[in-house]
Amino acid sequence: NGSSAALARYTWTLALVGSVFTSPPAWLFTLTFALHSSLKLGRLRLDALLPAARWVMAWCLVGFFVLVLLIQRWDLRACRSIEAPSDAVCRRSEGTAAWMCLLETTAECEFLLLALHSYAA
């Protein structure tokens, strides 16, 4: 299905963006913590880390805007069409099952979108 491939590609893109843009700050924090723990983080070394901290802040700002642009391309219909086959409510044939399926898949996809917005914030 084309929509499932698009959603999978979109999910992998979000995962890649999330990991690529959070790695430099994590490495800088790890380096700073290691230097501080070994008592080798003096004033000169701290001043030497400032250019790296500025670079990491710019990197995170670019990552934030890329993530916001990806969130704006979120397709609720594609998400619901992917979620529906895996939900037990959607496989029932009762009268209210269609409405329950619509509500459940919409809530799941909206929760995913909320999680993405929370991560970007």
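All values derive from a computational prediction rather than experimental measurement.

**Student:** Explanation requested: the overall build of the protein in the structure shown.
**Tutor:** Secondary structure assignment for the protein yields five helices and zero strands. In the protein, the succession of α and β elements from N to C terminus is α-α-α-α-α. The buried share among the 121 residues of the protein stands at 22%. Of the contacts formed within the protein by residues at least 6 apart in sequence, a portion of 71% connects residues at least 24 apart.

**Student:** Please clarify how the side chain of T105 should be interpreted in this entry.
**Tutor:** Inspection of the secondary structure assignment puts T105 in helix 5 (residues 97-120). Since its relative accessible area comes to 2%, T105 is described here as buried. The residues touching T105, leaving out its near neighbours within four places in the chain, are R80, E83, A84, D87 and C90.

**Student:** Help me understand a nonpolar patch on the surface, please; the structure alone is not making it clear to me.
**Tutor:** A surface patch of nonpolar side chains, about 290 Å² in accessible area, is lined by L61, F64 and F65. Secondary-structure assignment places F65 in helix 2 (residues 43-72). Note on F65: relative accessible area 48%, which makes it partly exposed.

**Student:** Quick question: what am I supposed to make of the state of the cysteines here?
**Tutor:** On inspection of all chains with the given rule, the structure shows one disulfide. Between C90 and C101 runs a disulfide, and the two sulfur atoms are separated by 1.9 Å. For the disulfide bridge between C90 and C101, the dihedral angle about the S-S bond is near 95°, and by the sign convention the bridge is right-handed. With C90 in helix 4 (residues 88-91) and C101 in helix 5, the pair connects residues that are eleven residues apart, well separated along the chain. Exposure remark for C90: the relative accessible area of 21% places this residue in the partly exposed category.

**Student:** What's the story with the nonpolar core in this structure? I'm lost.
**Tutor:** Soluble, globular proteins show a tendency: their nonpolar side chains are buried together. In this structure, L14, V17, F21, L67, L70, I71, W74, C79, C109, L113 and L116 together form the largest nonpolar core, which totals eleven residues. At the level of secondary structure, the elements contributing two or more residues to this core comprise helix 1 (2-37), helix 2 and helix 5. Sequence-distant contacts of L116, that is, excluding residues within four places in its chain, are made with L14, I71 and W74.

Rules of the game
- Residues numbered from 1 in each chain as written.
- Predicted model: local features only at pLDDT ≥ 70, side-chain atom pairs only at ≥ 80, totals over all residues.
- Heavy atoms only, no water.
- Helix = DSSP H or I, 4+ residues; strand = E, 2+ residues; numbered from the N terminus.
- Buried < 20%, exposed > 50% of the residue type's maximum accessible area, 1.4 Å probe, protein only.
- Contact = heavy atoms within 4.5 Å.
- Patch = residues over 30% accessible without salt bridge, like charges linked within 9 Å, V, L, I, M, F, W, Y side chains within 5 Å.
- Areas by Shrake-Rupley, 256 points an atom, 1.4 Å probe, with all protein chains shown as cover.
- Salt bridge = Lys/Arg side-chain N within 4 Å of Asp/Glu carboxyl O.
- Disulfide = S-S within 2.5 Å.
- Core = buried A, V, L, I, M, F, W, Y, C linked by side-chain atoms within 4.5 Å.

Distances and angles like these do not, on their own, reveal function.
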